[in-house]
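One letter stands for each residue in the lines below.
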Amino acid sequence: LFGLGGVMYHLVTGRVPFPGQTVAAVFNAVCSTDPVPPSRVRSAVPDWFEEVILRLLSKDPAARYPDAGAVAAILGEYC
């Protein structure tokens, strides 16, 4: 689910959520920084979708959605 959040972030912003020049720098960013909220990169991102993306990218696995079905249900409500 974390990977899905990364893909969604990239799709809506055109950027990676955790940039870095090397693999080690990317891993460090994943562990120590939060991604820039998608709406700061692209203002047209709806609040609900930004919330989904940022929850998927949560550092704490328990804070993420329980499974892909839960994500699909939310997307189904809005799309």
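As the structure is a prediction and not an experimental result, all values here were calculated from the model.

### Let's talk about the side chain of Arg64
Next up, step 1: Take Arg64: it is sitting in the loop between α4 (47-56) and α5 (68-78).
Next up, step 2: For the buried Arg64, which has no salt bridge, the nearest side chain bearing the opposite charge is Asp60, at an N-O separation of 7.1 Å.
Next up, step 3: Reaching out from Arg64, the side chain makes a polar contact with the backbone oxygen of Ser58 at a distance of 2.9 Å.
Next up, step 4: Filtering out sequence-adjacent residues up to four positions away, Arg64 remains in contact with Phe2, Arg55, Leu56, Ser58 and Lys59.

### Concerning the packing of helix α1 (residues 2-13) against α4
Next up, step 1: Between α1 and α4, whose axes approach to 7 Å, the crossing angle comes to 140 degrees. The orientation of α1 relative to α4 falls into the category oblique. α1 and α4 meet at a crossing whose hand is left-handed. From α1, Phe2, Leu4, Gly5, Met8, Tyr9 and Val12 reach across to α4, where they touch Phe49, Ile53 and Leu56.
Next up, step 2: Across the contact of α1 with α4, the residue classes tally to 8 nonpolar, 1 polar and no charged.

### Focus: the nonpolar core
Next up, step 1: Within the largest apolar cluster, 13 residues are counted, with the highest numbers of intra-cluster contacts made by Phe49, Ile53 and Leu56.
Next up, step 2: Elements that contribute at least two residues to this core include exactly α1 and α4.
Next up, step 3: Here this core takes 4 residues from α4, the largest share from any one element.
Next up, step 4: Those residues in contact with Ile53 that sit more than four places away from it in its chain are Gly5, Met8, Tyr9, Val12 and Pro38.

The rules behind the values
- Residues numbered from 1 in each chain as written.
- Predicted model: local features only at pLDDT ≥ 70, side-chain atom pairs only at ≥ 80, totals over all residues.
- Heavy atoms only, no water.
- Helix = DSSP H or I, 4+ residues; strand = E, 2+ residues; numbered from the N terminus.
- Buried < 20%, exposed > 50% of the residue type's maximum accessible area, 1.4 Å probe, protein only.
- Lys, Arg positive; Asp, Glu negative; His and termini not counted.
- Salt bridge = Lys/Arg side-chain N within 4 Å of Asp/Glu carboxyl O.
- Polar contact = N/O pair within 3.5 Å; in protein donor to acceptor, adjacent residues only side chain to side chain.
- Contact = heavy atoms within 4.5 Å.
- Axes fitted to C-alpha atoms, helices over the stretch in contact; angles between N-to-C directions.
- Parallel < 35°, antiparallel > 145°, perpendicular 65-115°, else oblique.
- Left-handed = near helix turned anticlockwise from the far one by under 90°.
- Nonpolar A, V, L, I, M, F, W, Y, C, P; charged D, E, K, R; others polar.
- Core = buried A, V, L, I, M, F, W, Y, C linked by side-chain atoms within 4.5 Å.

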